[in-house]
Amino acid sequence: MLRKIVRALSLSLIIATLYPASLFSQAAASGGDAVVPDLETRIGNSGTTVPTEAIPAISPPSLPDLPKAEPGEQVPAPMPSASVSPATASVPAPSDAGDFDREVPAPPSESGSIGVTAGAPNFLSGRFSFLRAAGDRPGFFLDFSGESASGYGGHSQADGFFDRSAQASAGIFGDYWSASATATSRTDGLQGKNDRYEDIVRRDLLWSLGAANLPLGGSPFSLTATGAGEIFTAFAEDSSMGVSSLSAISDATGYRLEPFAALSFLDGSFSADLSGSYAYETIDDFDELNAAATSLSLRYARSVFALSASVGVAGDDADGILVPFSVGFTASGGNKIPSLREIRLVGGIDRYRSSPYDLSSATPFADPRGPSAYAADWNASGGFTLSPVGDFGESGEISLSGDATFRRSLSGRGLYAVTDFYSSSGLIAVDRVERTSFATKASARYSVGVFETTAGWSAEWADRLYRESVQSIDVGAAARGWGSAKGLRASLDGSFPIDRAAMPDMSARVTYQLIEPLSVSLSINDAIPLVTGKTRYYNDLYAERGGTISLSAEAFF
């Protein structure tokens, strides 16, 4: 019965709201789902083994934004990228390492780069990127990259301690429309955890196309219609070791589709968005998942403050019907309180897709099998940013910020989390959990001239769940182009857990521009394992790549 209700809801949405998007209803990854706070790294994003390379990025084209997703809304991103998880897909772009380093006054109509990085232990990567901005003709971009590493954790590649990855992205875009596709492949050695297999492989094909904020004549209305999708598979490759006492690693193969449309109204200080989406997912050996959502969002901005509210109806044939909503308030100090940059408050019920396969993209050894679920939280958050007025040295500036977020799962609406124990096949088990979370973050930044320093404290005060550390101090320092060394840039970053005896994460990079189109960089990523020979682990179960030292060169054209 519930399946019939969801199908009826989705059909009415498509007829009433999505009909203008019929040309774009190809597919969808869940690029615009609400994002679980970054502090929950053991739940939604356990980081990646890929070190931050010293290869500066080509700025992506400036495209019109899709409507901002209020809690309860799902807004697929127009151009998915293999460099991020499907749950956060966006315009494909090279690594962002180096944004602070490079000062590009205005991107040329055509630009590109080619770079290579080599390091120890046994690390190699390369990248090619090209971008042509939109003008009289559509713009387009190409991006190819690959990397491999082995021998980390004090073991050899023959023992299964290796990883390699590759991606290719291409897309075209205009003032209001875009289309792109990204193919990715990643292979991780299983480190002898299951003698029957040598490694686990993940392959994805993502695509997206549509129009965003397309004006409807001279009226205050505009239309957004997009479609996106993903074909994905994960499988283990047999080794020559024969049998194992552990269970077989089953394949996880499936695809996702999601059309989205929104009608927007903007008149002076008032704006409104009526949106609708449908999502379909199928995975081998699991039931199909159908989901639909519609939402009305309102916003009023005047002077230094803005009020927002949204309400919707969402349902899927696994967990049923839900009514997401949100109310929010933001304000700035303006001329009366110039030191107050922003204060913000928001709360309600939000809904987002949670997936074992997406978790395995962040934690490569997580068991990828299992259907997605639409988790939902009661939530309330607030934050502020201050820039105190005063004399902080010549051209100096200081800013202070604080954030606090409370989340509590609705009954039966938990999200997937990576656990601290093995599944029957030797992979890291994934569990759907309900949680209560209260996360806080405080940070400060001071900049003067070409120098900048940052410091922050992040903490979780409620559920630890499966995380090793929930409180950390993060610090950073950077400098660029000072004195006679205008082509020299340097940065240092560190993260220090303070509630557990865990290894800090410290990295450094120095970049020198030899000539205008050519730069070289020396990077040390996660220095402590590199110096001490200790091993960093995913959830205390599988060895991570750990520290690397690398030398890179990149040429721009």
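For the structure itself, look to the data block above.
Residues numbered from 1 in each chain as written. Predicted model: local features only at pLDDT ≥ 70, side-chain atom pairs only at ≥ 80, totals over all residues. Heavy atoms only, no water.

1. Quick notes on the pairing of strand 7 (residues 221-238)
The element strand 7 is largely enclosed, with a buried count of 14 among its 18 residues. In the sheet, strand 6 (residues 197-215) pairs with strand 7 via 16 bridges, with the strands oriented antiparallel. Residue Ile-200 lies in a different strand from strand 7, and its bridge partner there is Ala-236. Adjacent in sequence and paired antiparallel, strand 6 and strand 7 are bridged by five residues, among which Gly-217 carries a positive phi angle near 65°. Across 14 bridges, the pairing between strand 7 and strand 8 (residues 252-267) is antiparallel. (Buried < 20%, exposed > 50% of the residue type's maximum accessible area, 1.4 Å probe, protein only. Helix = DSSP H or I, 4+ residues; strand = E, 2+ residues; numbered from the N terminus. Pairing = 2+ DSSP bridges.)

2. Details of the packing of aromatic side chains
Aromatic ring pairs: the centre-centre distance and the angle between the two ring planes describe each pair. Taken as a whole and assessed by the stated rule, the structure comprises 14 aromatic pairs. With centroids separated by 6.4 Å and ring planes inclined at 75°, the aromatic side chains of Phe-421 and Tyr-466 adopt a geometry described as edge-to-face. In this pair, Phe-421 is assigned in strand 17 (residues 415-422) and Tyr-466 in the loop between strand 20 (451-460) and strand 21 (471-482), connecting sequence segments 45 residues apart. Overall, the relative accessible area of 42% leaves Phe-421 in the partly exposed class. Ring centres of Trp-457 and Trp-461 lie 6.0 Å apart, and the angle between their planes is 80°; on these two criteria the pair is classed as edge-to-face. Exposure remark for Trp-457: the relative accessible area of 36% places this residue in the partly exposed category. Taken together through their ring pairs, the aromatic side chains of Phe-128, Phe-130, Phe-140, Phe-144 and Phe-557 make up a single cluster. (Phe/Tyr/Trp six-rings, centres within 6.5 Å; stacked < 30°, edge-to-face > 60°.)

3. What about the pairing of strand 27 (residues 548-556)?
Note: strand 1 (residues 110-120) against strand 27, eight bridges, orientation antiparallel. Of the residues in strand 27, the one forming a bridge with Gly-119 is Ser-550.

4. Side note on the nonpolar core
Leu-190, Ile-249, Phe-365, Leu-427, Ile-428 and Tyr-542 are the most contacted members of the largest nonpolar core, which has 16 residues in total. For this core, the secondary structure elements donating two or more residues are strand 6 and strand 17. The contact partners of Ile-249, leaving out residues within four places of it in the chain, are Leu-190, Asn-194, Tyr-197, Ala-236, Ser-425 and Leu-427. Core analysis: the next-biggest nonpolar cluster, separate from the first, contains six residues, Tyr-352, Ala-375, Leu-415 and Val-433 among them. (Core = buried A, V, L, I, M, F, W, Y, C linked by side-chain atoms within 4.5 Å. Contact = heavy atoms within 4.5 Å.)

5. Observations concerning the side chain of Thr-187
Note on placement: Thr-187 falls in strand 5 (residues 177-189). Taking relative accessible area as the criterion, Thr-187 reaches 7% and is therefore assigned buried. Setting aside residues up to four positions removed in sequence, Thr-187 forms contacts with Phe-162, Asp-163, Arg-164, Asp-199, Ile-200 and Val-201.

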